[in-house]
Amino acid sequence: MSQTTQDYPQDADAFKRIVSDYQATAAYKNPILFAVGRQVYTANRTLASVRYPVVNGPGQNTGSAAILMKVLGIEPTGVQNVVLSAAQLAEALRYFAPFVNDGKQHPNLVALQQAAAQLAAAPAGAVSEIVATFIFDDIEPQGVEDSTLKLYGLSNRHFKPNQLNLTKIFTKFPNVAWVGDVPMDAAEIDQALLGAAFGNTEFAPHMVDKFPLYVHRINAVKMGVRITDQHKVRLGAYLGEGTTLMPGASYINFNAGTEGPSMVEGRISSSVFVGAGTDLGGGASTLGVLSGGNNTPISVGRNCLLEVNSALGIPVGDAVILAAEVALMASSLVKVDIEGHPLNGKTVKAIELVGINAVTFRRHNQTGGLEVVRTRRNIDFAKKLDNGEDILNGDLHKN
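Structure report, in brief. Note that this is a predicted model, so its numbers are computed, not measured. Numbering of residues starts from 1 in every chain and runs along the sequence as written. With pLDDT at 70 or above as the cut-off, local features in this predicted model cover only qualifying residues; side-chain atom pairs require 80 or more to be listed or tallied, and sums for whole chains, interfaces and linings still use all residues. Side-chain figures throughout are based on the complete set of non-hydrogen atoms in the structure, without hydrogens or water.

Comments concerning the nonpolar core
Here comes step 1: The set of buried Ala, Val, Leu, Ile, Met, Phe, Trp, Tyr and Cys residues whose side-chain atoms join them within 4.5 Å is what this entry labels a nonpolar core. Summary of the burial criterion: residues with accessible area below 20% of their type's maximum are buried, those above 50% are exposed, and those between are partly exposed, where the area comes from a 1.4 Å probe applied to protein chains only. Y214, L239, L312, L328, L353 and F361 are the most contacted members of the largest nonpolar core, which has 65 residues in total.
Here comes step 2: Counting only elements with at least two residues in this core, the list comes to β1 (33–41), β2 (47–56), β4 (130–135), α5 (144–155), α8 (220–223), β23 (333–337) and β26 (370–373).
Here comes step 3: Setting aside residues up to four positions removed in sequence, L312 forms contacts with S285, T286, L287, I298, V300, L306, L322, L328 and M329.
Here comes step 4: Core analysis: the next-biggest nonpolar cluster, separate from the first, contains 31 residues, V82, Y95, L112 and A132 among them. Helix and strand definitions here come from DSSP, where helices need a minimum of 4 consecutive H or I residues and strands a minimum of 2 consecutive E residues; each element is numbered from the N-terminal end. Whether two residues are in contact is decided by their heavy atoms: any pair within 4.5 Å suffices.

Take a look at the structure:
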């Protein structure tokens, strides 16, 4: 129920008192993610996604969370979605009135103002598409709204790959054609194909997928990354500042990404996390967990180099080199030729070398067998790491 005018805060201190009082009750709990966005429908009203322009992570803007929970009556458990009416938006904005035109940045306030303006401009009788989504517990995704918010949470760097429960997330989205960032369902596609065949229209979707693209939903310039082909990164990818994706064979899936500056000319599959300063050469591949029977998330350490057309199927540490065209899987037999290593002189399965640092995996130039050695380059890569440097060309990875 709305409060009387005198109950709304007249200044910032009154706002803080209202927030503090509400947060002290059993009705409040800090969300791990919350946002206000606009639902994205096909023309036939199939809910395909949500656009969340401002995403709040753990402990961020808890005052805004408290006010929205208070106004909307949101229960602090599991996942909560509320479609907002114009009246609810107006009431929420009354609480935020002390911060209007105060000369400071308030992204959540701006999002609410824009949402209210959108509803005000909508035709009479139009159904609201403005939704507030709160995730209090990291449970299995429940629907399009919280599934999309989790993807945003990853791409906004609130969570790193493998830190969120994304179980069966694919089942929560419809498969649609995307024309730009506009989804079309199967019935619309049929009509579009007819129009292209017999009318004066054209039908040229850029992809058919369940997820939107990173560049359509995230401010990549603000995040300090470069993406030379929009199709190379899905929403839900975590791109560390200074990451560059080159054209060609590069790709970063959702729930995967880079910790910091990286040159990516290969594929970072779902669940794979790559350390800062690492270079994935053209066509290099990492084994993900979505298919192929691999259940172990792969990580690549800092200052590593995966050379052209190599393939990595075990987690490795820092300053590691995987030679060109070498496929290193968990079951691969590798001869250890590292002085002082406990396994030196033995041939073992690669799984026994998980997390190893400062080594090169390569083919022996005479026998063709896999071997692991420590080279001068490994030592140099490790030394740079100790000095706070990486192996990349720094000028290429600056904002």
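Quick notes on the sheet that holds strand β12 (residues 257–258)
Here comes step 1: A pair of strands counts as paired when DSSP detects no fewer than two bridges linking them. Taken in spatial order, the 4 strands line up as β9-β12-β15-β18 in an open sheet, and their pairing is parallel. Looking along the sheet, the strands with just one partner apiece sit at the ends: β9 (238–239) and β18 (299–300).

Considering the packing of aromatic side chains
Here comes step 1: Only centres within 6.5 Å qualify two rings of Phe, Tyr or Trp (six-membered ring in Trp) as a pair; their planes then separate them into stacked at under 30 degrees, edge-to-face at over 60, and tilted for everything else. Using the criterion set out here, one finds 12 aromatic pairs in the structure.
Here comes step 2: An angle of 45° between the planes, with centres 5.6 Å apart, marks the rings of F15 and F96 as tilted. With F15 in helix α1 (residues 12–23) and F96 in the loop between α3 (86–95) and α4 (107–121), this residue pair connects regions lying 81 residues apart in the sequence. You'll find F15 and F96 in the same group, each marked buried.
Here comes step 3: Ring geometry for F170 against F211: centres 5.3 Å apart, planes inclined by 5°, an arrangement best described as stacked. One end of the pair, F170, is in the loop between α5 and β5 (176–179); the other, F211, is in the loop between β7 (207–209) and α7 (214–217), with 41 residues separating them in the sequence.
Here comes step 4: Assessed through its relative accessible area of 0%, F211 is described here as buried.

Digging into the packing of helix α2 (residues 62–72) against α3
Here comes step 1: Packing of α2 against α3 brings their axes to within 10 Å, and their N-to-C directions diverge by 140°. Considering the angle they form, α2 stands oblique to α3. Considering how the two elements wind past one another, α2 and α3 form a crossing that is right-handed. Residues I67, L68, K70, V71 and L72 of α2 form the contact with α3, whose own contacting residues are Q88, E91, A92 and Y95. Lines fitted to the C-alpha atoms define the axes, with helices restricted to the stretch that makes contact. Angles between their N-to-C directions range from 0 to 180 degrees. In these notes the angle categories are as follows: under 35 degrees is roughly parallel, over 145 is roughly antiparallel, 65 to 115 is roughly perpendicular, and the rest is oblique. Handedness of a crossing follows from how the near helix is turned relative to the far one, being left-handed for an anticlockwise turn of less than a right angle and right-handed for a clockwise one.

Quick notes on the pairing of strand β25 (residues 360–363)
Here comes step 1: In terms of strand pairing, strand β21 (residues 321–322) meets β25 through 2 bridges, oriented parallel. What sits directly across from L322, in β25, is F361.
Here comes step 2: Summarising the sheet, β25 and β26 pair through 4 bridges and their orientation is antiparallel. Paired with R363 across the bridge in β26 is L370.
Here comes step 3: Connecting the antiparallel pair β25 and β26 is a turn made up of 6 residues, with G368 showing a positive phi of about 80°.

Here's the deal with unusual backbone geometry
Here comes step 1: Its identity is not glycine, yet N101 carries a phi of approximately 60°, on the positive side.
Here comes step 2: Position of N101 relative to the elements: it lies in the loop between α3 and α4.
Here comes step 3: For N309, which is not glycine, the phi torsion reads 60° and is therefore positive.
Here comes step 4: Inspection of the secondary structure puts N309 in the loop between β19 (305–306) and β20 (311–312).
Here comes step 5: Since its relative accessible area comes to 43%, N309 is described here as partly exposed.

Some thoughts on α5
Here comes step 1: To estimate how far a helix should reach, multiply one less than its number of residues by 1.5 Å. Here α5 contains 12 residues, and its C-alpha end-to-end distance of 17 Å stays within 8% of the 16 Å for a straight helix at 1.5 Å per residue.
Here comes step 2: Of the positions making up α5, those classed as buried are V144, E145, D146, S147, T148, L149, K150, L151, Y152, G153, L154 and S155.
Here comes step 3: Where α5 terminates, the next one or two residues include R157, which has phi positive at roughly 65°.

Some points on α1
Here comes step 1: Counted at 1.5 Å a residue, the expected span for α1 with its 12 residues is 16 Å, and the 16 Å between its end C-alpha atoms agrees.
Here comes step 2: As for α1, its buried residues are in contact with α2 and α3.
Here comes step 3: The opening residue of α1, the one whose side-chain oxygen lies 3.2 Å from the backbone nitrogen of D13, is D11. N or O atoms within 3.5 Å of each other form a polar contact, as long as, within protein, one can give a hydrogen and the other can take it, and as long as residues adjacent in sequence are counted only when both atoms are side-chain atoms.

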